[in-house]
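Now for the letters of each chain:
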Amino acid sequence: MELHRANSRQTKQASADNFTGVVLQDPVIVGKAPSRMRATNVSFTPGARTAWHSHPVGQTLYVVSGVGRVQLEGEQVQELHPGDTAVIPPNTRHWHGSAGDRLFTHLAMSEIDDQGNGTQWFEHVSDADYSATPAPVK
Ligand code: MN
């Protein structure tokens with residue numbers, strides 16, 4: 001087996017090209033073929049979020065702590081809480097991040113496609129889109 005010790009890896013700050021605000025990434029796994037798994041534990045400081053992006057075979061987000069936001073393009077913003085799982089469909093523009101006044105951490109899980117393609121990145125999320133009132137939590 002491989003054992004990736006916590007103290008063998010460093011927390012990285014996510015690129016300003018694809019994120020707004022301070023976002024910290026702890027690697028979990030980049031699977032070796034035939035595995036296509038990718039997993040990262042991502043922490044968003046208040047106000048931080050991804051840019052608009054899509055994943056070729058979708059993405060699963062599991063909320064570890066804090067209060068967050070996720071939006072599929074054309075749909076209402078949804079609020080996320082610890083224990084929630086959000087499943088993002090393939091090739092669907094979306095963003096995710098913290099609530100404006102809260103830290104937020106999720107485990108992000110995805111797979112590359114048959115051609116080895118991963119996340120496709122687009123423009124940053126505007127303050128207006130980010131600040132939209134989320135849907136009521138049922
Ligand atoms: Mn995503």
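Here's what I pulled together on the structure shown here. (Residues numbered from 1 in each chain as written. Predicted model: local features only at pLDDT ≥ 70, side-chain atom pairs only at ≥ 80, totals over all residues. Heavy atoms only, no water.)

### Some words on a nonpolar patch on the surface
And step 1. Taken together, the side chains of Y62, V64 and M109 make up a nonpolar region of the molecular surface, amounting to roughly 240 Å² of accessible area.
And step 2. Position of V64 among the secondary structure elements: in strand β7 (residues 59-66).
And step 3. Exposure remark for V64: the relative accessible area of 43% places this residue in the partly exposed category. (Patch = residues over 30% accessible without salt bridge, like charges linked within 9 Å, V, L, I, M, F, W, Y side chains within 5 Å. Areas by Shrake-Rupley, 256 points an atom, 1.4 Å probe, with all protein chains shown as cover. Salt bridge = Lys/Arg side-chain N within 4 Å of Asp/Glu carboxyl O. Helix = DSSP H or I, 4+ residues; strand = E, 2+ residues; numbered from the N terminus. Buried < 20%, exposed > 50% of the residue type's maximum accessible area, 1.4 Å probe, protein only.)

### Here we look at the pattern of salt bridges
Close approach of charged atoms allows side chains with opposite charge to pair.
And step 1. Enumeration according to the criterion identifies 6 salt bridges in this entry.
And step 2. In this structure, E2 and K32 form a salt bridge, with 3.0 Å as the shortest nitrogen-oxygen distance. Of this pair, E2 sits in the segment before β1 (12-13) while K32 sits in the loop between β3 (23-30) and β4 (37-44); the two residues are 30 residues apart in sequence, bridging distant segments of the chain.
And step 3. For R69, the salt bridge goes to E79, with nearest N and O atoms at 3.2 Å. Here R69, found in strand β8 (residues 68-72), pairs with E79, found in strand β9 (residues 78-80); they are 10 residues apart in sequence, far enough to count as distant.
And step 4. A relative accessible area of 13% means that R69 is categorised as buried.

### Here we look at the pairing of strand β11 (residues 94-98)
And step 1. Most of β11 is tucked away, with 5 of its 5 residues classed as buried.
And step 2. Sheet topology places β8 next to β11; 5 bridges connect them, and they run antiparallel. For L72, the partnering residue across the bridge sits in β11 and is H94. (Pairing = 2+ DSSP bridges.)

### A short note on the coordination of the manganese ion
And step 1. The manganese ion binds to the protein through H53 (NE2), H55 (NE2), Q59 (OE1), H94 (NE2) and H96 (NE2); the donor distances cover 2.1 to 2.2 Å.
And step 2. H94 gets classed as buried once you look at its relative accessible area, which sits at 0%. (Donors = N, O, S within 2.8 Å, 3.2 Å for Na, K, Ca; no water.)

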